[in-house]
Amino acid sequence: MPDASAWRIALPHTTAAVPLARALVRSALTDTGPAADPDTAELLTAELVANAVEHTTGGAPIELVVELLANGCQVEVHDGDPRPPGDLTTRRDDTPPDPWQEHGRGLLLIRALSSACGHRRTERGKAVWFTLPACAAPA
């Protein structure tokens, strides 16, 4: 029997992957109860998928993995490039990003809004991930 607390889907290596990933994360988190804030999960997932599309080459699909945890959720985006993402876990300096630039804030958002984030090598490239804490139950 498949594990209902984990979803795995291959996405096209195009910008069309971003809204598909957002919809999957939103469905996974709202259909199963408040595992984590769906708005934040959607935003951070969109950033990871957009980065995978923009910064990796080739037509191989991008894989999205959403796992509901007892204390929140974890989202992973797998791509075929083994190089680590930019400043996901550390910053080179304390200079804030330029608010007039169109790029450069995605990883900052992931670092700031997730409870943890990182990357790891896989057999086919890398997985970039973040975790979010569980939402507080309504009183």
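The shown structure was predicted, so the numbers you read here are calculated from the model rather than taken from an experiment.

Before going further, it helps to examine the layout of surface pockets. Its volume calculated, the second largest pocket comes out at about 220 Å³. The wall of the second largest pocket is formed by A10, A60, P61, I62, E63, H78, D79, G80, T122, E123, R124 and K126. For the lining of the second largest pocket, the secondary-structure elements that each account for two or more residues are β2 (62–69) and β3 (72–79). Split by residue class, the lining of the second largest pocket holds four nonpolar, three polar and five charged.

Here we come to the nonpolar core. Counting residues in each nonpolar core, the largest one holds 30 residues, and the members touching the most others are V49, L64 and F130. Elements supplying a minimum of two residues to this core: α1 (17–31), α2 (38–55), β2, β3, α3 (106–113) and β5 (125–133). Apart from residues no more than four positions distant in its own chain, F130 is found in contact with A41, L44, T45, L48, C73, Q74, V75, I110, S114, A116 and C117.

Overall, the coordinates contain seven salt bridges when judged by the stated rule. Here K126 makes a salt bridge to D79, at a shortest N to O gap of 3.0 Å. Within this pair, whereas K126 is found in strand β5, its partner D79 is found in strand β3, the two being separated by 47 residues in sequence. A relative accessible area of 6% means that K126 is categorised as buried.

α2 packs onto α1 with a crossing angle of 150 degrees between their chain directions and a minimal axis gap of 8 Å. Classified by the angle between their axes, α1 and α2 sit roughly antiparallel to one another. Relative to α2, the crossing made by α1 is right-handed. Taken together, the residues of α2 that come into contact with α1 (itself represented by A17, V18, A21, R22, V25, R26, L29 and T30) are P38, D39, A41, E42, T45, A46, V49, A50 and V53. For the contact of α1 with α2, the class distribution of residues is 11 nonpolar, two polar and four charged.

Calculation rules
Residues numbered from 1 in each chain as written. Predicted model: local features only at pLDDT ≥ 70, side-chain atom pairs only at ≥ 80, totals over all residues. Heavy atoms only, no water. 1 Å grid on protein atoms, 1.4 Å probe; cavity = no way out; pocket = protein on both sides within 12 Å on 5 of 7 lines; lining within 4 Å. Points joined across faces, edges and corners; volume = space filled by probe spheres on them. Helix = DSSP H or I, 4+ residues; strand = E, 2+ residues; numbered from the N terminus. Nonpolar A, V, L, I, M, F, W, Y, C, P; charged D, E, K, R; others polar. Core = buried A, V, L, I, M, F, W, Y, C linked by side-chain atoms within 4.5 Å. Buried < 20%, exposed > 50% of the residue type's maximum accessible area, 1.4 Å probe, protein only. Contact = heavy atoms within 4.5 Å. Salt bridge = Lys/Arg side-chain N within 4 Å of Asp/Glu carboxyl O. Axes fitted to C-alpha atoms, helices over the stretch in contact; angles between N-to-C directions. Parallel < 35°, antiparallel > 145°, perpendicular 65-115°, else oblique. Left-handed = near helix turned anticlockwise from the far one by under 90°.

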